[in-house]
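The primary structure of each chain is shown beneath.
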Amino acid sequence: MLLGLLETGFPLFYWGNALMIVIGLGFIYLAIAKKMEPLLLVPIGFGMILVNLPLGGMMDYEMTLKAPQAGIVMEVPMHEGDAFEKGGVIYKLDTGEVTAPVFGRVDSLKVSQGQSVEKGQPLASLITMEQTNQAEVPTHPVGLFSRIFKFGVMWQILPPLMFLCLGALTDFGPMLANPKTMLLGAAAQFGVYLAFFLALIVGFSMTEAASIGIIGGAEGPTTIYVTSLLAPHIIGATAVACYSYMALVPIILPPVIRLLTTKEERGIYMKPSLRKVSKLEKILFPLITTIVVILIVPSSAPLIGCFMVGNLFNECGVTERLNKTAQTTFIDIITIFLTLAIGASMPAQIFLQSRTLLILILGVISFASAAAAGVILAKIMNLFLKEKINPMIGAAGVSAVPMSARVVQVMGQKENKQNFLLMHAMGPNVAGAIGAAIAGGVFLGILG
Amino acid sequence: MIDWGLAIKTAIGGFGLVFGILMLLWVSVELTRVVTEKIAGNKK
Amino acid sequence: MSVEISAPMPGSIVGILVKVGDEVKENDELITLEAMKMENPIFAPSDGMVKEIRVKEKDSVEAGQLLIVME
C-alpha cells in the first residue's frame, strides 16, 4: 500500500504488534528498574520491539510461491504489498487455489489473470517473518536480523560458541571435589522428559515436544540449539521461556524445595571445606569428558566440545589471552547477536498464539519438576550416605548457572547462619549443564 | 500421529544415557584423582 | 578461649562490619564475602569479642583462610 512516495508501517500495524511492543518495553523496564538479567533482557526486549514495527524488514525472509499444479489463473485476490495469513489465497487457478504456506505480505506478483501456468512456475515473491522448514518451504533472509538468525542460529554457530564462553567461565572444581553430586545434575534432567511427555499429550509433535522439554535443562544455548534444529518455528517461545525462567529461578525453586523437605533437612550442615582439586585433575576433566561423552552421544559434539574447550582455555594456564577473551569480549559479542536474534524471532503473528502460552506453562513445569527430581534423589542418596548432604543442593541440578546454586545458599543460610552451601551446590549446578547438553544431544541423535 | 513407542524409547533412553554418562564421568573423575594423587605422591 | 573464623569458600572481602574490640552476639554479621558474584554474609558462631581481623576490604581469600579471631 503506497501513501504517496513513502510507504509507512501504519497500514500493517495491528494490536498484536502493539502488545508485543508493550512486552518488549516491559522486558527493558525489568532490566533497567529491577536489574533483572539486563544483559539478556535489554537486547531481547529491543529486538522484540524492532521486529514488531511493520515493514522494518529486520526479520524478513523472501520466498518464491510456485504453482502446485498447472492451470489458468482465474482470479488474483491479492495486490502487491498486501498482507495475508498463513493459508491465505494468493491465486485462484481453474484447477484449484494457491495458498500461502506462511503468513506475510506480497512482494511482487509474477502472473496475471487469464495467464496459463505450468506446474512449478514461480507465481509470486512473498515476504515472511516465519521460520520455515527449509526442505518444504525454502526461504532466504533479506533483513539484518533474519540474516544473523539464519547464519548464526539456524546454522548452529552462535549457541555452541556461547557454550564455549560459558565453559571458560565455569569452574568444575566443586564438582570434581565431590563428584557424587554429578548424579543430582543428572536427576534434574527428569524435568526435560516429563515436559516432553506432557507436550506430546497436549498435542505437540515429537520434535516440538523435545524442544519444549529441553527448556527444563535450564541452559539457554542448549535450548536454542536443539529448537533451531528440531522445531525452528517455536524458537522464540522456547528461548524466552528458558531465559525468563532462569531469571525467575529464585521464585520457582523455593516453593518446590520447601514442599519436598523438612526444616531439619534444610538445616543439614555441610562442612565448608571441599577437597582441594589439583590443576592436573582440572585439565584432564574437559579432555576426558569430551572423549567419553562424544563417543557415546556424537550429536552432542558441538555443545560438549565447545563447552569443554572453553573450560580447557580457563584451566590449562597457558591460554590466558583466549580465556580472557572468551570470558569477556567474546561472550559479549555472541550475547549481542544471539539475544537480538532471539528477540527478533518474536513477531506478534508467530508469538501471540495459544501454543506459546502452552510452551510457557510446560516450561515452568519442566523447571519445577527438574528441581523436585534433584531434591528427591538427594534424599534417596542420604539413605546411603554416612555424611549427609543437604537435599536442597539437588535443586541446583537445574543448571541455570549459578542462579539455582545461589538460591540454595540463601535458603540454607536462612535455616542455619553458619551453613555455606554455595560451593556444594555448584557441583550439581555445573553437572546439570553437562546433563542438559547430553539430553539435547540425545534428542538430536534420535529425532534430528 | 504420535509414535508413543518412539517417545517412550526416546525418554527412557535419553534419561538413562544422561545418568549413565554422568556416572561414567564420576568414575573417571575418581580414577583421575587416584592417578594424579599417585603421580604427585611419587614426586615427593 | 578463642574462636577462629575462616572463609567457607574462595572469594573477595567486600565488607568488614566489625572492628577489633567490638562485642558481638551469635549470628551477628561480621564480614561480607563475595563469591560467585553473590554477597555472602559471614556470621559470628557465638557471642564474644573481636580480637583480631586478619583481612582487609577487597582482599581475595582462599577457602579455609583465617578471617577473624574472636574471644
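First, a word on what this report is: a plain description of the structure on this page. (Residues numbered from 1 in each chain as written. Chains lettered and ligands numbered in written order. Predicted model: local features only at pLDDT ≥ 70, side-chain atom pairs only at ≥ 80, totals over all residues. Heavy atoms only, no water.)

What to know about empty space enclosed by the protein
For the structure on display, the rule yields 2 cavities of 30 Å³ or more. When its volume is computed, the largest cavity comes out at roughly 60 Å³. What lines the largest cavity is simply L176, E281, L284, F285 and I288 of chain A together with S28, V29 and T32 of chain B. Elements that contribute at least two residues to the lining of the largest cavity include exactly α13 (279–296) of chain A together with α1 (4–43) of chain B. Tallying contributions element by element places α13 of chain A first for the lining of the largest cavity, with 4 residues. Considering only enclosed or pocket space, the second largest cavity measures out at about 30 Å³ in volume. (1 Å grid on protein atoms, 1.4 Å probe; cavity = no way out; pocket = protein on both sides within 12 Å on 5 of 7 lines; lining within 4 Å. Points joined across faces, edges and corners; volume = space filled by probe spheres on them. Helix = DSSP H or I, 4+ residues; strand = E, 2+ residues; numbered from the N terminus.)

Structural notes on the pairing of strand β8 (residues 66–70) of chain C
A regular strand places its side chains on the two faces of the sheet in alternate fashion. Residue and element names in this part refer to chain C. Counting buried residues in β8 gives 5 out of 5 residues, a clear majority hidden from the surface. With 4 bridges connecting them, strand β1 (residues 3–6) and β8 associate as antiparallel partners. Looking across to β8, one finds that I5 is bridged to I68. Pairing between strand β6 (residues 48–53) and β8: 3 bridges, direction antiparallel. Following the sheet pairing, V50 is matched in β8 by M70. (Buried < 20%, exposed > 50% of the residue type's maximum accessible area, 1.4 Å probe, protein only. Pairing = 2+ DSSP bridges.)

Let's talk about the side chain of T339 of chain A
Residue and element names in this part refer to chain A. On the secondary structure map, T339 appears in helix α15 (residues 320–344). Overall, T339 belongs to the buried group, its relative accessible area being 4%. In terms of polar contacts, T339 uses its side chain to reach the backbone carbonyl oxygen of T335, at 2.4 Å. Once residues lying within four places of it in the same chain are set aside, the contact partners of T339 are L39, L40, P43 and I44. (Polar contact = N/O pair within 3.5 Å; in protein donor to acceptor, adjacent residues only side chain to side chain. Contact = heavy atoms within 4.5 Å.)

What to know about the interface of chain A and chain B
Each side of the interface is counted separately: chain A has 39 residues, and chain B has 27 residues. Carbon and sulfur atoms supply 89% of the area buried between chain A and chain B, which totals about 2700 Å² over both sides. Interface area lost by chain A to chain B is led by M182, L183 and Y193 of chain A, which between them contribute 17%. On inspection of chain A and its partner chain B, the count reaches 0 salt bridges. The residue makeup of the side of chain A that touches chain B, split by class, is 31 nonpolar, 5 polar and 3 charged. (Buried area = accessible area lost by both parts, 1.4 Å probe. Salt bridge = Lys/Arg side-chain N within 4 Å of Asp/Glu carboxyl O. Nonpolar A, V, L, I, M, F, W, Y, C, P; charged D, E, K, R; others polar.)

Here we look at the packing of aromatic side chains
Residue and element names in this part refer to chain A. Counted by the stated rule, this structure contains 13 aromatic pairs over all chains. When the centroid spacing of 5.2 Å and the interplanar angle of 45° are considered together, the rings of F196 and F443 count as tilted. One end of the pair, F196, is in helix α7 (residues 190–201); the other, F443, is in helix α19 (residues 422–447), with 247 residues separating them in the sequence. Each member of the pair, F196 as well as F443, is classed as buried. Between Y245 and F367, the aromatic rings sit 5.7 Å apart at their centres with planes inclined by 65°, giving edge-to-face as the arrangement. (Phe/Tyr/Trp six-rings, centres within 6.5 Å; stacked < 30°, edge-to-face > 60°.)

Let's talk about the sheet that holds strand β4 (residues 29–35) of chain C
Residues and elements named next belong to chain C. Judged by pairing direction, the sheet is antiparallel, and its 4 strands sit side by side in the order β5-β4-β2-β7 without closing on themselves. The open sheet has two edge strands, β5 (38–43) and β7 (60–61), and neither has a second partner. One ladder, built from 2 bridges, connects strand β2 (residues 11–16) with β7; its direction is antiparallel. What sits directly across from G11, in β7, is V61.

Some details on unusual backbone geometry
Residues and elements named next belong to chain A. Looking along the chain, the bond that leaves V401 and enters P402 is cis, with omega of -10°. Residue placement: P402 occurs in the loop between α17 (354–384) and α18 (403–415). Non-glycine residue Q156 carries a positive phi angle of around 55°. Mapped onto the fold, Q156 is located in the loop between α3 (144–154) and α4 (158–169). In this model, A218 sits at a positive phi of 55°, which is unusual for a non-glycine residue. Mapped onto the fold, A218 is located in the loop between α8 (206–213) and α9 (220–230). By relative accessible area, A218 is classed as buried at 0%.

So, the arrangement of the chains
Counting contacts across all 2 pairs of chains that touch, the top pair turns out to be chains A and B. A minimum C-alpha distance of 20 Å separates chain B and chain C, which share no contact.

Side note on the interface of chain A and chain C
How big an interface is tends to be stated in terms of the accessible area lost upon association of its parts. Counting residues at the interface gives 13 residues for chain A, matched by 15 residues for chain C. Carbon and sulfur atoms make up 70% of the area that chain A and chain C hide from each other, which totals about 1300 Å². At the junction of chain A and chain C, the tally comes to 4 residue pairs in polar contact (both at pLDDT 80 or more). Of all the secondary structure elements, the ones that give two or more residues to the side of chain A that touches chain C are α18 and α19 of chain A. Looking at which element gives the most residues to the side of chain A that touches chain C, the answer is α18 of chain A, with 4 residues.

Here's the deal with the pairing of β4 of chain C
Residues and elements named next belong to chain C. Taken across its 7 residues, β4 has 5 buried, putting it largely inside the fold. Where β2 meets β4, 4 bridges bridge the pair, whose relative direction is antiparallel. What sits directly across from G15, in β4, is T32. Judged from the 6 bridges that link them, β4 and β5 form a sheet pairing that is antiparallel. Each residue of the ladder has a partner; that of E29, found in β5, is F43. Where β4 hands over to β5, the hairpin turn is made up of 2 residues, of which M36 adopts a positive phi near 50°.

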